[in-house]
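# Per-entry structural report
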Amino acid sequence: MKIVVCVKYVPDATGDRHFADDLTVDRDDVDGLLSELDEYAVEQALQISENSDDDVEVTVLTVGPEDARDALRKALSMGADRAIHVEDDDLHGTDAIGTSLVLAKAIEKAGFDLVVSGMASTDGTGGIVPALLAERLGVPQVTLLSEVSVEDGVVKGRRDGDAASEQLEARLPAVVSVTDQSGEARYPSFKGIMAAKKKPVESWDLSDLDIEAEEVGLDGAYTKVVTAAQRPARTAGTIVNDEGEGGKQLAEFLASQKFI
């Protein structure tokens, strides 16, 4: 069985993130890392592999700049078998719809039985790519799973909602996404980190996937950021000295800010 895990290299949320002049995220001035939500996807793929009686190959796939290899290395050190990096200058500014096109073409080229992803990326938080992938690949989708397993060519999982939980299943090939409730992702061991250096990482560009530059990038994007403004700097808070009327002053402040 071939499992392809889609992962994303995202800006560190604790860093000082801002937009570049073309209103895309400036990735040069902030450190990046493997999206935390995608770590759960890698973990679930590895668990499926470990619990299977068949031979399972886990491939991690990412679309991004040169530094995105760091995300692949993290996934390989967790235990994935191989990695594919789609890198091309014409991908700059690609939106979620364009990204789904590139991922789908790469998945088809790599071969797959099951595609696993996180519920969303920690930078865009759109959560629509798994559904777009399923549509492009022409396979069923079972998304937002907090529990997932594969048996006899069928992927099964539990989706937890606010009022109830659903048991879902789909025959392979299929696309699934997992939530941060699916199980803590393993921490790479020293042995895993060293082994990751010897695992294959293939590099593909748009020509390898038969994609024209006009289909992706800023010019091919269906969605664009029109304007952006810097978040205002934090100001000093209001101090209420309680000399008997602190409660009243607090209520007046909350009312002035329309909190009550």
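Notes on the structure in this doc start here.

Criteria and thresholds
Residues numbered from 1 in each chain as written. Predicted model: local features only at pLDDT ≥ 70, side-chain atom pairs only at ≥ 80, totals over all residues. Heavy atoms only, no water. Helix = DSSP H or I, 4+ residues; strand = E, 2+ residues; numbered from the N terminus. Buried < 20%, exposed > 50% of the residue type's maximum accessible area, 1.4 Å probe, protein only. Contact = heavy atoms within 4.5 Å. Areas by Shrake-Rupley, 256 points an atom, 1.4 Å probe, with all protein chains shown as cover. Axes fitted to C-alpha atoms, helices over the stretch in contact; angles between N-to-C directions. Parallel < 35°, antiparallel > 145°, perpendicular 65-115°, else oblique. Left-handed = near helix turned anticlockwise from the far one by under 90°. Nonpolar A, V, L, I, M, F, W, Y, C, P; charged D, E, K, R; others polar. Phe/Tyr/Trp six-rings, centres within 6.5 Å; stacked < 30°, edge-to-face > 60°. Lys NZ or Arg CZ within 6 Å of the ring centre and 35° of its normal. Patch = residues over 30% accessible without salt bridge, like charges linked within 9 Å, V, L, I, M, F, W, Y side chains within 5 Å. Salt bridge = Lys/Arg side-chain N within 4 Å of Asp/Glu carboxyl O. Pairing = 2+ DSSP bridges. Lys, Arg positive; Asp, Glu negative; His and termini not counted. Polar contact = N/O pair within 3.5 Å; in protein donor to acceptor, adjacent residues only side chain to side chain.

### As for the overall build of the protein
- Scanning the protein from N- to C-terminus turns up seven helices and twelve strands.
- The C-alpha extent of the protein, read off along each of the three principal axes, is 75 × 45 × 40 Å.
- Taken across its 260 residues, the protein has 39% of its residues classed as buried.
- Pairs at least 24 residues apart make up 69% of the contacts formed inside the protein by residues separated by at least 6 positions.
- Counting only carbon and sulfur atoms, one obtains 46% of the accessible surface of the protein, whose full area is about 15,100 Å².

### Focus on the packing of helix H3 (residues 96–110) against helix H4 (residues 129–137)
- For the pair H3 and H4, interaxial distance at closest approach is 9 Å and the crossing angle is 50 degrees. With respect to each other, H3 and H4 are oriented oblique. Where H3 crosses over H4, the two elements pack in a sense that is right-handed. Residues Ala96, Ile97, Ser100, Leu101, Leu103, Ala104, Ile107 and Glu108 of H3 pack against Val129, Leu132, Leu133, Arg136 and Leu137 of H4.
- The class makeup of the residues in the contact of H3 with H4 is ten nonpolar, one polar and two charged.

### Quick notes on the packing of aromatic side chains
- Taken as a whole and assessed by the stated rule, the structure comprises zero aromatic pairs.
- Note that Lys109 overlies the ring of Trp204, its terminal NZ or CZ placed 5.2 Å from the centroid.

### Brief notes about a nonpolar patch on the surface
- A surface patch of nonpolar side chains, amounting to about 230 Å² of accessible area, comprises Phe19, Val25 and Val225.
- Assignment of secondary structure puts Val225 in the loop between helix H6 (217–220) and helix H7 (246–256).

### With respect to the sheet that holds strand E10 (residues 165–171)
- Here three strands make up an open sheet; going across it, the order is E8-E9-E10 and the pairing antiparallel. What marks the edges here is a single partner per strand, and that holds for strand E8 (147–151) and E10. Taking the axes of each pair of neighbouring strands and ignoring which way they run, one obtains an average angle of 15 degrees across the sheet.
- The pairing of strand E9 (residues 154–160) with E10 spans seven bridges and is antiparallel. Along E10, the bridge assignment pairs Val154 with Arg171.

### Details of the side chain of Asp95
- With respect to the helices, strands and loops of the structure, Asp95 is situated in the loop between strand E5 (82–86) and H3.
- For the buried residue Asp95, which engages in no salt bridge, the nearest side chain bearing the opposite charge is Arg136, 7.5 Å off.
- In this view, Asp95 contacts Ala221, Tyr222 and Thr223; residues no more than four positions away in its chain are not counted.

### Topic: the environment of Asp88
- Examined against the element boundaries, Asp88 turns out to sit in the loop between E5 and H3.
- Remark: the alpha-carbon pair of Asp88 and Gly64, spanning 24 residues in sequence, is separated by 7.8 Å.
- Setting aside anything within four residues of it in sequence, one finds Asp88 in contact with Asp205 and Leu206.
- Here the side chain of Asp88 touches Leu206 through a polar contact of 3.2 Å, landing on its backbone nitrogen.

### Brief notes about the pattern of salt bridges
- Scanning the model with the defined rule gives nine salt bridges in all.
- Between Glu39 and Lys74 there is a salt bridge, with the nearest N and O atoms lying 3.0 Å from each other. Of this pair, Glu39 sits in helix H1 (residues 36–50) while Lys74 sits in helix H2 (residues 69–78); the two residues are 35 residues apart in sequence, bridging distant segments of the chain.
- A relative accessible area of 28% means that Lys74 is categorised as partly exposed.

### Topic: the packing of H1 against H2
- At a minimum axis separation of 10 Å, H1 and H2 run at an interaxial angle of 35 degrees. The interaxial crossing formed by H1 with H2 has right-handed handedness. On the side of H1, the interface is formed by Glu39, Val42, Glu43 and Leu46, while H2 contributes Lys74, Ala75 and Met78.

### Topic: the environment of Leu209
- Within the fold, Leu209 resides in the loop between strand E12 (201–204) and H6.
- Overall, Leu209 belongs to the buried group, its relative accessible area being 4%.
- Expressed as a C-alpha distance, the spacing of Leu209 and Asp67, which sit 142 residues apart in the sequence, is 21 Å.

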